[in-house]
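# Structural overview for review
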Amino acid sequence: MTTEYVSPKGIGASKASVEAFAEKVAVNVGFKIGGNIEDLIERAGGKFVMGSSGQGDTDSGSIIARSTNDFTIFISRHTSLKRDRFTIAHELGHLLLHLGPIQKKDPSAVMRATRWVDKSDESQRRAEWEANWFAAAFLMPKAEFIEAYKAVGIQRVQFDFDVSEMAAQTRAKSLVF
């Protein structure tokens, strides 16, 4: 028997509200800047698999979620640990933002989010943006990021927040630096 997977759809929330939600989640679960996201996921009932979910996601991550405490995050064997942290936070964003609406329609639905979305489906593209906004704010909360960036610069921010150079630069650009 094969499982029918449902792709995440955007919830239509503003970037600011997604980021505020991500920061609130981080505070509520006790996630600290530069903290161990892997332990957090495992405490929440998630599992990790190094490799593909079987859907062409060998170069990026993906998630299969049956519930908010029963999910598997797939991590590419071809990425850095710092990149993996963003991927994990991105997949957490899909879980917390997109699984609920899917299961509201069908409580037994299983969500699968991969990097490869139907480019003609605006809602799938939107879900990717929302997951990226969530990940950036979860790992690099706005106020703390701005303070650190102004005080110590981008290289130190990368180190303190334990993110890739690209993630730190993208966050700085999104915050108008």
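Summary of the structure given here. (Residues numbered from 1 in each chain as written. Predicted model: local features only at pLDDT ≥ 70, side-chain atom pairs only at ≥ 80, totals over all residues. Heavy atoms only, no water.)

## Section: the packing of helix H5 (residues 142-161) against helix H6 (residues 165-174)
Contact geometry for H5 and H6: axes closest at 11 Å, N-to-C directions at 135°. As summarised for this structure, H5 and H6 are arranged oblique, according to the angle between their axes. Relative to H6, H5 is oriented so that their crossing is left-handed. Every residue of H6 that contacts H5 at Lys142, Phe145, Tyr149, Ile154, Val157 and Gln158 is listed here: Glu165, Ala168, Gln169, Arg171 and Ala172. Residue composition of the contact of H5 with H6, grouped by class: 6 nonpolar, 2 polar and 3 charged. (Axes fitted to C-alpha atoms, helices over the stretch in contact; angles between N-to-C directions. Helix = DSSP H or I, 4+ residues; strand = E, 2+ residues; numbered from the N terminus. Parallel < 35°, antiparallel > 145°, perpendicular 65-115°, else oblique. Left-handed = near helix turned anticlockwise from the far one by under 90°. Contact = heavy atoms within 4.5 Å. Nonpolar A, V, L, I, M, F, W, Y, C, P; charged D, E, K, R; others polar.)

## A word on the environment of Glu23
Within the secondary structure, Glu23 sits in helix H1 (residues 15-28). Given a relative accessible area of 24%, Glu23 falls into the partly exposed group. Each residue touching Glu23, except ones within four places of it in the same chain, is listed here: Ala137, Pro141, Lys142 and Arg171. (Buried < 20%, exposed > 50% of the residue type's maximum accessible area, 1.4 Å probe, protein only.)

## Let's talk about the side chain of Glu91
Structurally, Glu91 is set in helix H3 (residues 81-105). Setting aside anything within four residues of it in sequence, one finds Glu91 in contact with Gly61, Ser62, Ile63, Ile73 and Ala113.

## A short note on the packing of aromatic side chains
Applying the stated criterion across every chain yields a total of 5 aromatic pairs. Relative to Phe134, the ring of Phe21 lies with its centre 6.0 Å away and its plane at 50°, an arrangement referred to as tilted. Of this pair, Phe21 sits in helix H1 while Phe134 sits in helix H4 (residues 122-139), and the two are 113 residues apart along the sequence. With a relative accessible area of 31%, Phe21 lands in the partly exposed category. Given the relative accessible area of 0%, Phe134 is considered buried. (Phe/Tyr/Trp six-rings, centres within 6.5 Å; stacked < 30°, edge-to-face > 60°.)

## Topic: the pairing of strand E3 (residues 62-67)
Bridge analysis of E3 against strand E4 (residues 70-75) gives 5 bridges, and the strand direction is antiparallel. Bridge pairing in E4 places Ser67 opposite Asp70. Hairpin geometry of E3 and E4 is characterised by an intervening segment of 2 residues between the two adjacent antiparallel strands. (Pairing = 2+ DSSP bridges.)

## Digging into the sheet that holds E3
Across the sheet, which stays open at both edges, the 5 strands sit in the order E1-E5-E3-E4-E2 with mixed pairing between neighbours. Where the open sheet ends on each side, the last strands, each with one partner, are strand E1 (5-6) and strand E2 (46-50). Relative to strand E5 (residues 110-113), E1 is paired through 2 bridges, and the arrangement is parallel. For Val6, the partnering residue across the bridge sits in E5 and is Met111.

## Quick look at H4
With 18 residues, H4 extends 26 Å between its outermost C-alpha atoms, agreeing within 8% with the 26 Å of an ideal straight helix rising 1.5 Å per residue. Buried residues of H4: Gln124, Ala127, Glu128, Glu130, Ala131, Trp133, Phe134, Ala135, Ala136, Ala137, Phe138 and Leu139, and no others. Where H4 is buried, its residues touch H1, helix H2 (37-43), H3, H5 and H6. Near the N-terminus of H4, the side chain that reaches the backbone nitrogen of Ser123, with its oxygen 3.0 Å away, is that of Asp121. (Expected span 1.5 Å × (residues − 1). Polar contact = N/O pair within 3.5 Å; in protein donor to acceptor, adjacent residues only side chain to side chain.)

## Digging into H5
Its 20 residues place the ends of H5 only 12 Å apart at the C-alpha level, less than the 28 Å of an ideal helix rising 1.5 Å per residue. Gly153 marks the point of greatest bend in H5, at about 125°. Residues of H5 that are buried include every one of Phe145, Ala148, Ile154, Val157, Gln158 and Phe161, and no others. Along its buried surface, H5 packs onto H3, H4 and H6. (Bend = angle between axes of the 7 residues up to and from the residue.)

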